Amino acid sequence: MITDWLPEQKQLYDDMLAFAQSELDDDDVIKRDQAGTFMESYWQRCADAGIFGLYMPQDYGGQGYSILSSVKALEAIGYGCRDNGFELAINGQIWTVQEVLLHYASEAQKQQYLPGLIDGTIKGAHAITEAEAGSDAFNLSTVAEKIDGGYRLN
C-alpha cells in the first residue's frame, strides 16, 4: 500500500485538482445532463492541459508519466469536476482506446491515431455489445477467425 506520494506526484495531483476546479467545474451539470450536451470546450481544455497524454509516451505527444502517477492525476480531476460522466468519458478514452492502441496496434496505427487522441483533434470510443451479453465483456461469444486477408467475425 502506498502511504507517501513522491513530491512530483503530489504536485501533479495538486495541479490537476486546481485545473479541474477552475476549468471544468460549473453549476450547469444537471442542466447539461438533462439536455444531453457534451462539453466540447471542456474536452479541448483537457487535451490542451495534457490530460489525454499523461500516461502516453512522448513519442506520440504524451507526457510519459507512470500509470500510478496518471491514475492519481485523474483522481484529482474527478474530485475537481462535478460532471462525473465527463470524467468517465476522459477515462474511457485513455484506458479503453489509447491504452489498447499503445499495446496492440501496429506502429503505423499508433502514429496515425495516438497523437490526435492526445491533442484532442480526434475522439476515441470503445463499444461492445451482443444480444445475449449486453456489454458484459466476459460473456461475449463472438470470435475472430484469422483468414486470408484479415479476420472473419463469428
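Residues numbered from 1 in each chain as written. Predicted model: local features only at pLDDT ≥ 70, side-chain atom pairs only at ≥ 80, totals over all residues. Heavy atoms only, no water.

Quick question: what am I supposed to make of the state of the cysteines here?
Every disulfide links exactly two cysteines, by a covalent bond between their sulfur atoms. Evaluated as defined, the whole model comprises 0 disulfides. Lacking any disulfide linkage, Cys-46 is separated from the closest cysteine sulfur, that of Cys-81, by 7.4 Å. Taking the relative accessible area as the measure of exposure, Cys-81 reaches 3% and is therefore buried. (Disulfide = S-S within 2.5 Å. Buried < 20%, exposed > 50% of the residue type's maximum accessible area, 1.4 Å probe, protein only.)

Just to check I follow, could you spell out the packing of helix 1 (residues 7–23) against helix 4 (residues 67–80) for this structure?
A pair of packed helices is characterised by two quantities: the angle between their axes and the separation of those axes. In contact at an axis separation of 7 Å, helix 1 and helix 4 are set at 30 degrees when each is read in the N-to-C sense. Taken together, the axes of helix 1 and helix 4 lie roughly parallel to each other. Handedness of the crossing formed by helix 1 with helix 4: right-handed. Along the contact surface, helix 1 presents Gln-9, Leu-12, Tyr-13, Met-16, Leu-17, Ala-20 and Gln-21, while helix 4 presents Leu-68, Ser-69, Lys-72, Ala-73, Glu-75, Ala-76, Ile-77, Tyr-79 and Gly-80. Per-class residue counts for the contact of helix 1 with helix 4 are 10 nonpolar, 4 polar and 2 charged. (Axes fitted to C-alpha atoms, helices over the stretch in contact; angles between N-to-C directions. Helix = DSSP H or I, 4+ residues; strand = E, 2+ residues; numbered from the N terminus. Parallel < 35°, antiparallel > 145°, perpendicular 65-115°, else oblique. Left-handed = near helix turned anticlockwise from the far one by under 90°. Contact = heavy atoms within 4.5 Å. Nonpolar A, V, L, I, M, F, W, Y, C, P; charged D, E, K, R; others polar.)

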